[in-house]
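Observations on the three-dimensional arrangement
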Amino acid sequence: MIKEWGPLRFLLFYRIEKDDEELINNIMNAAVMNKPLSIELKKVKRPSPGPNEALIKVKCIGICGSDIHYFEHGKIGRYIVDKPIILGHEVAGEIVEIGENVKNVFVGDRVAIEPGVTCGRCEYCKTGRYNLCPDVFFLATPPDDGAWADYLVMRSDVLFKLPDNMSYEEGAMLEPLSVGYHAMNRAQVKPSDRVLILGMGPIGLLAIQAAKLFGVKEIYACDVVPFRLESALKMGATAVFNPMEVNVDEQLKIWTKGEGINVVIESSGNRNSISNAVLYARQGGRVVFIGLPPENQVTLDINRIIDSELNIYGVMRYANTYSDSIKSYAGSGLDTRDIITHNFALNQINEALEVVRRQKDIAIKVMIYPDPADVPS
């Protein structure tokens, strides 16, 4: 018998008994977070695609900062984990089955997966800002399950074919790259802009490459961790600095010959960094907030914003970025894999999470592989 013991939104968990060996092909492994700080590999029913969906064999998934927030605290803002959940949303894989109405992808295609499926009917969707859709299914955002599993079903219109010269790792990294790409779109970044990026976590580092895809030649990076500043230079930053060691205003004046910073991208989520972001932009400049702070309220210098007529932008994920990112990145000579510092099999998920949590001085992007044979040696 197969006995159900606890439903999620899209997957049912099962206990497999000895006389069920014929059903082995219908189950898969998934890393399930039962509650904060408790995650384990379980056997779950493998999903089947509907008429407009595809079944994807997951090849690799990145661990995102949001995964760590849910794992440690069980919530991010209004999103609260109140039942077991599968995390992970930075994902790429191979299509192994398609629904009867699917025409845009085929079995055997290598794809990157945009993790949000929106309604397509609301005002936000119809005006192209579908990232603001109030009825979105988004991988690993409660109550929706994510991709830390052998297989995943998604609607086919959020699947994007990977060029032959792009790896699965690069396909998975399109998700965090898209955040930076969307930030550049929001700020209407031009090649002539001078861009300052605060916080050299994965998002900040990939924002450097997003800026380069927009043709920016002067990109300055800020962080307090030396290893991350070294990574920023490797990713293409013009110059880097630790705000604890230099006078930021004076340093920026020297580097820009007194002309100042056109665009400030805040990706750290640090309260002080958020407050300082509006101070680093020149008059008439643009400030983009990506990082979420632990506190809901952060002090901003309103006089500075008004007197300098700054344009302030928020970034909520991304919209209409995957196709453009693939086209511009594929021939760019850039390599998002440079920020991957660790690789683990899915059955090592607890070890991987501890690396992300405890080794911030050497860990940037940690990649997970459902099939242990796919883990790079």
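Here the structure is shown first, and the text comes after it.
Procedures and definitions
- Residues numbered from 1 in each chain as written.
- Predicted model: local features only at pLDDT ≥ 70, side-chain atom pairs only at ≥ 80, totals over all residues.
- Heavy atoms only, no water.
- Helix = DSSP H or I, 4+ residues; strand = E, 2+ residues; numbered from the N terminus.
- Buried < 20%, exposed > 50% of the residue type's maximum accessible area, 1.4 Å probe, protein only.
- Contact = heavy atoms within 4.5 Å.
- Areas by Shrake-Rupley, 256 points an atom, 1.4 Å probe, with all protein chains shown as cover.
- Lys, Arg positive; Asp, Glu negative; His and termini not counted.
- Charge placed at Lys NZ, Arg CZ, Asp CG, Glu CD.
- Axes fitted to C-alpha atoms, helices over the stretch in contact; angles between N-to-C directions.
- Parallel < 35°, antiparallel > 145°, perpendicular 65-115°, else oblique.
- Nonpolar A, V, L, I, M, F, W, Y, C, P; charged D, E, K, R; others polar.
- Core = buried A, V, L, I, M, F, W, Y, C linked by side-chain atoms within 4.5 Å.
- Disulfide = S-S within 2.5 Å.
- Pairing = 2+ DSSP bridges.
- Right-handed = clockwise from strand over helix to strand, strands pointing away.
- Patch = residues over 30% accessible without salt bridge, like charges linked within 9 Å, V, L, I, M, F, W, Y side chains within 5 Å.
- Salt bridge = Lys/Arg side-chain N within 4 Å of Asp/Glu carboxyl O.
- Phe/Tyr/Trp six-rings, centres within 6.5 Å; stacked < 30°, edge-to-face > 60°.
- Lys NZ or Arg CZ within 6 Å of the ring centre and 35° of its normal.

**Considerations on the overall build of the protein**
- Each helix and strand counted, the protein has ten helices and 22 strands in total.
- Here the protein, with 377 residues, has 55% of them falling under the buried criterion.
- In the protein, the share of contacts with a sequence separation of at least 24, taken over all contacts with a separation of at least 6, comes to 68%.
- In the form shown here, the protein has an accessible surface area of approximately 17,400 Å², with 48% of it arising from carbon and sulfur atoms.
- Of the side chains in the protein, 41 bear a positive and 48 a negative charge, and the two mean positions are spaced by 3 Å.

**Overview of the packing of helix 1 (residues 65–73) against helix 10 (residues 349–358)**
- Running from amino to carboxyl end, helix 1 crosses helix 10 at an angle of 100 degrees, the nearest separation of the two axes being 11 Å. With respect to helix 10, the element helix 1 is oriented roughly perpendicular. Contacts between helix 1 and helix 10 pair Ile68, Phe71 and Glu72 from the former with Leu353, Glu354, Val356 and Arg357 from the latter.
- Residues that form the contact of helix 1 with helix 10 fall into these classes: four nonpolar, no polar and three charged.

**Description of the nonpolar core**
- With 52 residues, the main nonpolar core has Ile208 and Ile265 as its most contacted residues.
- At the level of elements, helix 3 (168–186), strand 15 (194–198), helix 4 (202–213), strand 16 (218–222), helix 5 (226–235), strand 18 (261–266), helix 9 (322–330) and strand 22 (365–369) are the ones that each hand at least two residues to this core.
- Every residue in contact with isoleucine 208, bar those within four places of it in the chain, is listed here: Ile197, Met200, Ile219, Ala221, Ala232, Met235, Gly236 and Ala237.
- Membership of the second largest hydrophobic core comes to 50 residues, among which are Ile68, Leu87, Val91 and Ile95.

**Some words on the state of the cysteines**
- As enumerated under the stated definition, the model contains zero disulfides in all.
- Considering cysteine sulfurs only, cysteine 64 is the nearest to cysteine 60, which forms no disulfide, with 15 Å between them.
- Residue classification places cysteine 60 among the buried residues on the basis of a relative accessible area of 0%.
- Unpaired in terms of disulfides, cysteine 119 finds its nearest cysteine sulfur in cysteine 133, a separation of 3.6 Å.

**Describing the sheet that holds strand 18**
- One open sheet holds the six strands; their spatial order is 17-16-15-18-19-20, and the pairing between them is parallel. Edge positions in the open sheet fall to strand 17 (239–241) and strand 20 (311–314), since each of these has one partner strand only. On average, each strand axis in the sheet is tilted by 20 degrees relative to the strand beside it, whichever way the strands run.
- Across three bridges, the pairing between strand 16 and strand 17 is parallel. Bridge pairing links alanine 221 to valine 240 in strand 17.
- Along the sheet face, helix 6 (residues 248–255) touches strand 15, strand 16, strand 17 and strand 18 and points at about 170 degrees away from the line of strand 17.

**Some words on the pairing of strand 16**
- Counting buried residues along strand 16, four of its five residues qualify, which places the element largely inside the surrounding structure.
- Bridge analysis of strand 15 against strand 16 gives five bridges, and the strand direction is parallel. Within strand 16, the residue paired with arginine 194 across the bridge is glutamate 218.
- Crossover connection from strand 15 via helix 4 to parallel strand 16: handedness right-handed.
- Taking the sense of rotation as the criterion, the β-α-β connection linking strand 16, helix 5 and strand 17 turns out right-handed.

**Considering a nonpolar patch on the surface**
- Together, Tyr124, Leu132 and Met316 give the surface a local cluster of nonpolar side chains, amounting to about 230 Å² of exposed area.
- Tracing the chain through its elements places methionine 316 in the loop between strand 20 and helix 9.

**With respect to the packing of helix 3 against helix 9**
- With their axes 10 Å apart at the nearest point, helix 3 and helix 9 run at an angle of 110 degrees to one another. Classified by the angle between their axes, helix 3 and helix 9 sit roughly perpendicular to one another. Taking contact as the criterion, the partners of Glu170, Leu174, Glu175, Leu177, Ser178 and Tyr181 in helix 3 are, on helix 9, Tyr322, Asp324, Ser325, Ile326, Ser328 and Tyr329.

**Looking at the pattern of salt bridges**
- Throughout the structure, instances matching the rule amount to 14 salt bridges.
- With its nearest N and O atoms 3.7 Å apart, the salt bridge here joins lysine 190 to aspartate 193.
- We classify aspartate 193 as buried; its relative accessible area is 3%.
- Here glutamate 354 ties to arginine 358 by a salt bridge, and the two come within 3.1 Å at their closest N and O atoms. With glutamate 354 and arginine 358 both in helix 10, this residue pair falls four residues apart, about one helical turn.

**A word on the packing of aromatic side chains**
- Evaluation of the coordinates by the stated rule reveals five aromatic pairs.
- Between tyrosine 318 and tyrosine 322, the aromatic rings sit 6.0 Å apart at their centres with planes inclined by 55 degrees, giving tilted as the arrangement. For the pair tyrosine 318 and tyrosine 322, one class covers both residues: buried.
- Chaining the aromatic ring pairs together yields one cluster made of Phe160, Tyr318 and Tyr322.
- Between arginine 110 and the ring centre of tyrosine 168, over which it is positioned, the NZ or CZ distance is 4.8 Å.
- The aromatic ring of phenylalanine 138 is capped on one face by arginine 317, whose charged end is 3.7 Å from the ring centroid.

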